[in-house]
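Structural description and commentary
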Amino acid sequence: MPGTWRLLAPALLAWLACAAAIPFPGVGRVMACTAAALGLLVLLCACSPPLRAWLPWAAPILIACAAICLLGAQIERAEGARAALRASALPVEGAAADEFEVELESYPGVGALGTRWARGAIMSPGPEAGTDVVLWCGETAPACGEATWVPGARLGVRGEFVPLDPASSAAAGIRVRSVALRAPGPPLSELAGELRTRLGAAAADHAGAALVPGFAVGDTSLVAEPLSSAMRASGLTHLVAVSGANCALITGAIGWGLGWLRVGRRWRAVLQCTALGAFVLLVGPDASVQRAAIMGAVVLVSGFGGRRPAAFPALGVAILVLLCADPWQSLQPGFALSVAATGAILGGAAPLADGLRVRLRCPRALALPIAVAFLAQLACGPILLLLEPGLPAVSVLANVLTAPAAPWGTGLGVLALILLPVLPALGSGALTAAALPARWVEATAVVCSQLPLARWQWPGGPGGALLLLAAELLVLFGVGALVRHGWPGPGALPWGRRPARGPHGPRRPCRARGAGRGRAVPARTALARPVLRWAFASLGLGVGVLLGPTLVIPAASRLGPPSDWSVVACDVGQGDAVLVRDPAHPEETMLVDTGEHIEPLNACLDRFGIDRLALLVITHDHRDHFGALSAVLGRADAALIAPENLADGPARPLVRQLAGAGVPTRVAATGDRGGTALRWEVLAPSPDRRPTDPNDSSVVLRVRAGALTVLLTGDTGEHAQRAFLGGGVCAAAGSAVDVTADVLKVAHHGSRDQHPCFARSVGAGVALISSGVDNTYGHPARETLDALADAGSIVHRTDREGTIAVSGRPGALRVWAQQPARVDGSDVGGPG
């Protein structure tokens, strides 16, 4: 349509320019100058009549140049402030810094391990004023997250200053050691903070109301980790976060109610905007909330895409406004997801809903939620693959099932928020009512996450995202061409419209005037044969691309793993997750570490049919060894963990998670033994040591798995390995501890920090290295690979072969790999 791209195209170009300039300090200045020069040149050409005909798109180009020039100048100013902040904090970097004065920009949030955090801005008279920072609060700062922590409050903060990457949304982080309130926040923020606190306290006392604060104000502190994992698996996390779709549904429901009360259109718009502003104030005015509110307003202004002339220009204006407020949003996944989902809803929600009603006879109440959920998932799928592999196949179903509950849960939650301080009885009743849709969403998340094929296998990263995007475009082109040319018609499906019946049978369509008398009649619904051929070819190719990674490859890979495996090194990226069992007693299986990401661990456990774990071992407190702990809390019968270290102290998130799940936990110490069919012994660490580095507290296990002996070394380094060798003797007979094994899990992902004699002392036939593809640490190191080769060990690596399974007996080991080993010039290892 005319004017559709006049604002959207410059906005997208400005977004791309910001994303390209921010990771490289100093490029913003060049970008602003270049855009200004180009804009001036275009303006001169547009003012010259002879050259005007050569610039039919002068207006969009001028808008793009102005936006890029403005954003470049803002990036340059922000980079100067960040450099000034780093320079002022440089003498105390990594130590207890001088006190910073910080003005909060958000309410405290809860991290993945229960730690609290908040965004703020530095308040000082210097050039660093206004620079964004993140406050990380641990157990040593008990004042963190108090009710006085509201947007606008000023705090005096002492802590460890941590500079962040130039592409990060904040210039630095501060690990808070102590904090003092300098000035309270504005009265409205104080009121909103008190309302949030009251709602959270009341919801904690109501059974089944854990999701209500998330519905109302985006507070997920009451959501337990198993439920959070289920909501992630079913694609429902946006319901307890402030998203544009939620804002649009809430304000749309308010508009529907006002229309039912016969309120005029103008007053309706004013009241909807007022409600949206109040909602933003309650939730917090940080960047993600502002983005959600603006995108929700865009969806409302366009009527979910029904008013096409206003849809995409409004989206372009929203992109430019958000980038001008914070150019660093151009690199945030949340910004990309919001723009993609909003654009898809604007472009296809209305026609898709109409098509569902007309062609598939879908009820009107379900057509729009299905269209919105489907298009949002379709647009966000490739972007989500850049964050984690796999496709949430049940996401559309789960979102459609929860579509009626979300507005009610949010509305009743906000009502309880308002009523609890003034009318506690009515507020408690509203909270009880809000718990009903909350339980609805909770049950939907749990059931959908446990459905067969709830998440389809798909490669992650840019390659996987491009592959999915190509498949989606092929399918959309094929389906769109068929529908556009009238196939299938309303009567083509069993439940579609049927021809009307007359007194003498079905009525036949009237013949067009001129038909049969030598004149050609254009058939608008007839599909030309070439278009038919191309449409079905595109559709078939797209479906084939979708079925390849999701069905064919998983089915073929499941045919390969041996049933008598003893050791499995799961491919979990840059991390460890090793399964050990006696093939004669498969019911007693041990998992050593979990890796950092849930999806690859679940895929490995499902592939090898692991439903229960007799023992879960966490070798030490690093995220790449226990980050996916929530995925196995419900499967583990007992846990063995590393002892305390000075870095983490007694307040260990690992211990809290295990205790919260009710898993019996035991702290490992040298000499501990256990197991019946699967016998294990702890070789390290010593109970009388409290190391400063978590790696030095790694649990080292020697396991007897049937006929094989397995040595699992955690992330131990040369110092710990020297203790096993009795001062460095390379002969196994002279070792202080028996470390001989048939299979060795190489320590610390094959890093350089290995004793040169350790591999020879172990004498393993197979050495397994678990490391991520193209990791930045250079794992495994060249020296480690050379030492293993000199010891006669055959090395197998997850970064080259994927998941690896070892079976057989000593001297006749068999190794199955998920994919053939890739051999290239880097096989000698990296420098790390």
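Check the entry above for the structure.
Now for a description of the structure that goes with this document. (Residues numbered from 1 in each chain as written. Predicted model: local features only at pLDDT ≥ 70, side-chain atom pairs only at ≥ 80, totals over all residues. Heavy atoms only, no water.)

**A look at the packing of helix α1 (residues 4–21) against helix α2 (residues 27–47)**
Where α1 meets α2, the axes come as close as 9 Å, and the angle between the chain directions of the two elements is 150°. Considering their axes alone, α1 and α2 lie roughly antiparallel with respect to each other. Seen from above, α1 lies across α2 with right-handed handedness. When α1 is examined against α2, the residues Ala17, Cys18 and Ala21 are found in contact with a partner set consisting of Val27, Gly28 and Met31. Its residues assigned to classes, the contact of α1 with α2 comprises five nonpolar, one polar and no charged. (Axes fitted to C-alpha atoms, helices over the stretch in contact; angles between N-to-C directions. Helix = DSSP H or I, 4+ residues; strand = E, 2+ residues; numbered from the N terminus. Parallel < 35°, antiparallel > 145°, perpendicular 65-115°, else oblique. Left-handed = near helix turned anticlockwise from the far one by under 90°. Contact = heavy atoms within 4.5 Å. Nonpolar A, V, L, I, M, F, W, Y, C, P; charged D, E, K, R; others polar.)

**A short note on the sheet that holds strand β25 (residues 812–817)**
Taken in spatial order, the eight strands line up as β16-β15-β14-β13-β12-β11-β24-β25 in an open sheet, and their pairing is mixed. Each having just a single partner strand, β16 (665–667) and β25 make up the two edges of the open sheet. Sheet twist, expressed as the average angle between the axes of neighbouring strands with direction ignored, equals 20°. Where strand β12 (residues 578–582) and strand β13 (residues 585–592) come together, five bridges link them in antiparallel fashion. Note that in β13 the partner of leucine 579 across the bridge is leucine 591. Sitting on the sheet, helix α21 (residues 653–661) is in contact with β14 (615–618), β15 (639–641) and β16, with an inclination near 170° to β15. (Pairing = 2+ DSSP bridges.)

**Describing helix α19 (residues 598–607)**
Regarding α19, the residues found buried are Pro600, Leu601, Asn602, Cys604, Leu605 and Arg607. Directly after α19, the chain includes glycine 609, whose backbone phi takes a positive value near 65°. (Buried < 20%, exposed > 50% of the residue type's maximum accessible area, 1.4 Å probe, protein only.)

**Notes on the environment of threonine 550**
Following the sequence through the fold, threonine 550 ends up in helix α18 (residues 529–558). Judged by relative accessible area, threonine 550 falls into the buried class, the value being 15%. Sequence-wise, threonine 550 and leucine 453 are 97 residues apart; in three dimensions their C-alpha atoms are separated by 9.5 Å.

**Quick notes on the packing of helix α12 (residues 333–359) against helix α13 (residues 364–385)**
For any two helices packed against each other, one specifies the inter-axial angle together with the distance between the axes. The geometry of α12 relative to α13 is characterised by a closest axis approach of 7 Å and an angle of 145° between their N-to-C directions. With respect to the hand of their crossing, α12 and α13 are arranged in right-handed fashion. For the contact of α12 with α13, the class distribution of residues is 22 nonpolar, one polar and two charged.

**Comments concerning the environment of glycine 109**
The residue glycine 109 is located in strand β2 (residues 109–110) in this model. Classification of glycine 109 by relative accessible area gives buried; the value is 14%. With 111 residues separating them in the primary sequence, glycine 109 and threonine 220 have C-alpha atoms 8.1 Å apart.

**Concerning the nonpolar core**
Membership of the largest hydrophobic core comes to 66 residues, with the highest contact counts inside it found for Leu135, Trp149, Val157, Leu211, Met231, Leu431 and Val441. Per element, the largest residue contribution to this core is eight residues, and it comes from helix α16 (residues 424–449). Beyond its immediate sequence surroundings of up to four residues, leucine 211 is in contact with Val223, Leu227, Met231, Val240, Ala438, Val441 and Glu442. Formed by 36 residues, the second largest nonpolar core is a distinct cluster that contains Trp15, Met295, Ile319 and Ala341. (Core = buried A, V, L, I, M, F, W, Y, C linked by side-chain atoms within 4.5 Å.)

**Let's talk about the sheet that holds strand β20 (residues 708–712)**
What the seven strands build is an open sheet, ordered β17-β18-β19-β20-β21-β22-β23; its pairing is mixed. The open sheet has two edge strands, β17 (673–674) and β23 (794–797), and neither has a second partner. Pairing analysis gives three bridges linking strand β21 (residues 743–745) to strand β22 (residues 766–769), with the strands arranged parallel. Its bridge partner being in β22, leucine 744 is matched across the sheet by alanine 767.

**A short note on unusual backbone geometry**
Put simply, alanine 684 and proline 685 share a cis peptide bond, and its omega is 5°. Among the structural elements, proline 685 can be located in the loop between β18 (679–684) and β19 (700–705). In this chain, histidine 779 is followed by proline 780 through a cis amide linkage whose omega measures -5°. Unlike most non-glycine residues, arginine 262 shows phi in positive territory, near 65°. Tracing the backbone through its elements, the reader meets arginine 262 in the loop between α8 (244–260) and α9 (265–283). In this structure, histidine 748 takes a positive phi of about 55° despite not being glycine. One can find histidine 748 in the loop between β21 and α23 (758–762).

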